[in-house]
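Understanding the architecture of this molecule
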Amino acid sequence: MLFTEFSPIAFIATTPTGAKTLQPLCQNNAVMWVPESLSEISNANIYKDSLKNHVAKLWDNHQAFVFCLATGAVVRLISGLLKSKSTDPAVVVVDETGKFVISLCGGHQGGADKLANLIAVQLGATPILTGASNALELPAVDMLGVPFGWCRGEGEWTAVMSAVAKGEDVEVIQECGSTLWQNHLPKLHPFKFNPSAITKAKIFISHKQYSPPLSPSPPLPLTTWHPRVLWVGIGCERGTSKQVIADAIDKVFQENQFALSAIAGIATIDIKADEVGLVELSQERNLPLKTFPSEILNTVTVPNPSDVVEKEVGTPSVAEAAAIVAANQTLNVETLYITSPQNVASPENIVSLQIPKQIYRSTNPNQPGAVTVAVALSKKEYIGKIGKLLLVGTGPGNLDQMTPAAQTAVASADAVIGYSLYIDLIAPILQKHQIIEALPITKERDRAQRAIELATWGLTVAVISSGDSGIYGMAGLVMEDLQASDWDGKNPSVEVFPGVSAFQSAAARVGTPLMHDFCAVSLSDLLTPWEVIVKRLEAAAAADFVTALYNPKSKTRTQHLVTARKIFLKHRNPDTPVAVVRSIYREDEQITITTLEKLLDTPVDMLTTVLIGNQSTRSYGEWMITPRGYRK
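As the structure is a computational prediction, the values presented were derived from the model and not from experiment. (Residues numbered from 1 in each chain as written. Predicted model: local features only at pLDDT ≥ 70, side-chain atom pairs only at ≥ 80, totals over all residues. Heavy atoms only, no water.)

**Some details on the nonpolar core**
In this structure, Trp-181, Phe-191, Ile-203, Leu-389 and Val-461 are the most contacted members of the largest nonpolar core, which totals 41 residues. The element best represented in this core is helix H15 (residues 444-457), accounting for six residues. Both domains that meet at this core, namely domain 2 (146-226) and domain 4 (388-500), each give it at least three residues. (Core = buried A, V, L, I, M, F, W, Y, C linked by side-chain atoms within 4.5 Å. Buried < 20%, exposed > 50% of the residue type's maximum accessible area, 1.4 Å probe, protein only. Helix = DSSP H or I, 4+ residues; strand = E, 2+ residues; numbered from the N terminus. Domains from an automatic or database assignment.)

What follows is the structure in structure tokens.
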């Protein structure tokens, strides 16, 4: 679905032209509002009050607004509604002709910059982004950790972002969390990862609260990000209240200068799954509550085992062991998969235990119960959302031939993975904040597994293929690997975006060769035995299918096309028209119309698609025509 992350989103137009411009964007239950004078507009909601009052009514329960109005009019409409850039919705303005898309308000934290980019891709328009980070091709400081579920801590955000905008050096102290955001910074970025660097501001990324160094000079402007990497192990007496458990966690974190916003979740033994205080606290703080059987906890080496606890629940540790197990898992939204009991039991995993168990009792006699708290550090942060796999067909390689939905899917992704050549071809729609991973042509399995890994973690990942991703593309391999991993069909979610396939593109360049029944056969025997390919060629030739040949020839595989031609010559006239199309719709495109007899005279390679006509296909100048049968 387009623009799902901005839902609910309100599209607003006041003229027939504006409504026509916005209508392609209003799909999948997105709402477009128009005045009563435009009641004839289909699939639109009517507002009867003044537009200013209507926007005010929608303001607090919508994440984004897209206006097809004059920018000045929109400014006057929303000026009295703006409160804070951390809470205001995204506001985007589209001109009536659909040529420009302006990120007006809430560019970073509201997501207006991203929304403007997505709309521009969908409409084929120019996005207007005025933030300083856009001009510098840098990720915004206040958006660095958003894809990874980091929590914004305290800090002088305006001062630090101003330093970046001025091109001043900014020190980055990152103690935990993903460093993927660092991999695609431009060469002249201002971020300094060397502690000795002289800088004008600091970005602190840690599970700890920042403590400025003691110095007579004033401290530098600082912002803090807290990746969710801390798993809090809890053991408690039955009936311990939510307040006592909360006080225990808060006290332990304060004493150790740990950030509460760095908590990934709470872990305990399975017999505590219905402990009211734990359940209520987890719900109140929006934290996952993970429970483990004593058989698993009993395999964990801990520094402070207890014979009393073991006698009571079957394991010598609850808080420490549960924290360690949770911190050593592959993180997912709904389920946490244990790597293996052997790994969890390894003494090296005690290193992840940041705070050994602490026992807490309330001094309030009205708050009975006791709590044991331990904290472990995970190497990978908890993102806290269901990841997505977007399996995208990019078409033949020219962006004009790529569907708007496919372009929007790529532009909306946190990460884009594909063969390096295909990544280069779609470079204009890639975003500066995205994780881009290009792998060589022989690394299809690596690409699929990496995409699944990132999506299972919680990112939105676009896996790109040329042509259609479901026709000799990456979609099938990704789905196979998901099935092999016992995928539940929901997490990560999967959406396939079709693209114009090579045989369609080649056909379009030479006329109408596919107007009757046709088939496609790949001559590559890397994944299919050659004997099977020969059987398919024999069947296609004998059945008089128009046939598209993929992967006709490589540097090491030179005779397969020779054999295919012999097979077709047994069933077709030597003068049967054949199209040889290389690098379709790209700058070095080459098109040759030849015959089956002369096919081998034309150079072909792995970027070539060969179309062999059927018995009724004829050539007409530089065109191929296969009759459908209307003219008897």
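**A few points about the packing of aromatic side chains**
Here the structure, examined in full by the defined rule, presents 15 aromatic pairs. Between Trp-157 and Trp-225, the ring centres sit 5.5 Å apart and the planes meet at 85 degrees, which makes this aromatic pair edge-to-face. Of the two residues, Trp-157 sits in helix H6 (residues 157-165) while Trp-225 sits in strand S12 (residues 222-226), which places them 68 residues apart along the sequence. The burial state of Trp-157 is the same as that of Trp-225; both residues are buried. Aromatic side chains Trp-181 and Phe-191 sit 5.7 Å apart centroid to centroid with 85 degrees between the ring planes, which places their arrangement in the edge-to-face category. With Trp-181 in the loop between strand S9 (170-174) and strand S10 (191-192) and Phe-191 in strand S10, this residue pair connects regions lying ten residues apart in the sequence. Residue class for Trp-181 comes out buried when judged on its relative accessible area of 9%. According to the relative accessible area criterion, Phe-191 is buried, its value standing at 2%. Taken together through their ring pairs, the aromatic side chains of Phe-148, Trp-150, Trp-157, Trp-225 and Trp-457 make up a single cluster. Against the face of Trp-457 rests Lys-380, its NZ or CZ located 5.2 Å from the ring centre. Above the ring of Tyr-585, the side-chain terminus of Arg-509 is found at 4.8 Å from the ring centroid. (Phe/Tyr/Trp six-rings, centres within 6.5 Å; stacked < 30°, edge-to-face > 60°. Lys NZ or Arg CZ within 6 Å of the ring centre and 35° of its normal.)

**Considering the domain arrangement of the protein chain**
Much of the literature gives interface size as the accessible area that the parts lose upon coming together. Here the protein chain is described as being made up of domain 1 (4-130), domain 2 (146-226), domain 3 (230-333 + 350-377), domain 4 (388-500) and domain 5 (503-625). Using only C-alpha atoms to locate each centre, domain 1 and domain 5 end up separated by 49 Å.

**Focus: the pattern of salt bridges**
Going through the model one piece at a time under the given rule, you end up with 22 salt bridges. The residue Glu-5 makes a salt bridge to Lys-114 at a minimum N-O spacing of 3.0 Å. Placement of Glu-5 in the segment before strand S1 (9-13) and of Lys-114 in helix H4 (residues 112-123) is noted, with a sequence separation of 109 residues between them. We classify Lys-114 as buried; its relative accessible area is 18%. Residues Arg-238 and Asp-274 are paired through a salt bridge, measuring 3.2 Å at the closest nitrogen-oxygen approach. Pair noted here: Arg-238 is in the loop between strand S13 (230-236) and helix H7 (242-255) and Asp-274 is in the loop between strand S14 (263-269) and helix H8 (276-284), with a separation of 36 residues, a long-range link. It is possible to trace a salt-bridge network through shared partners that takes in Arg-238, Lys-272, Asp-274 and Glu-275. (Salt bridge = Lys/Arg side-chain N within 4 Å of Asp/Glu carboxyl O.)

**Overview of the sheet that holds strand S27 (residues 546-550)**
With respect to topology, five strands assemble into an open sheet ordered S26-S27-S30-S28-S29, the strand pairing being mixed. The open sheet has two edge strands with one neighbour each: strand S26 (518-522) and strand S29 (590-595). On average, each strand axis in the sheet is inclined to that of its neighbour by 20 degrees, with strand direction left out of account. Sheet topology places strand S28 (residues 577-582) next to strand S30 (residues 608-612); five bridges connect them, and they run antiparallel. Note on S30: the bridge partner recorded for Ala-579 is Leu-611. Packed onto the sheet, helix H17 (residues 502-510) meets S26, S27, S28, S29 and S30 and runs at close to 65 degrees relative to S30. (Pairing = 2+ DSSP bridges. Axes fitted to C-alpha atoms, helices over the stretch in contact; angles between N-to-C directions. Contact = heavy atoms within 4.5 Å.)

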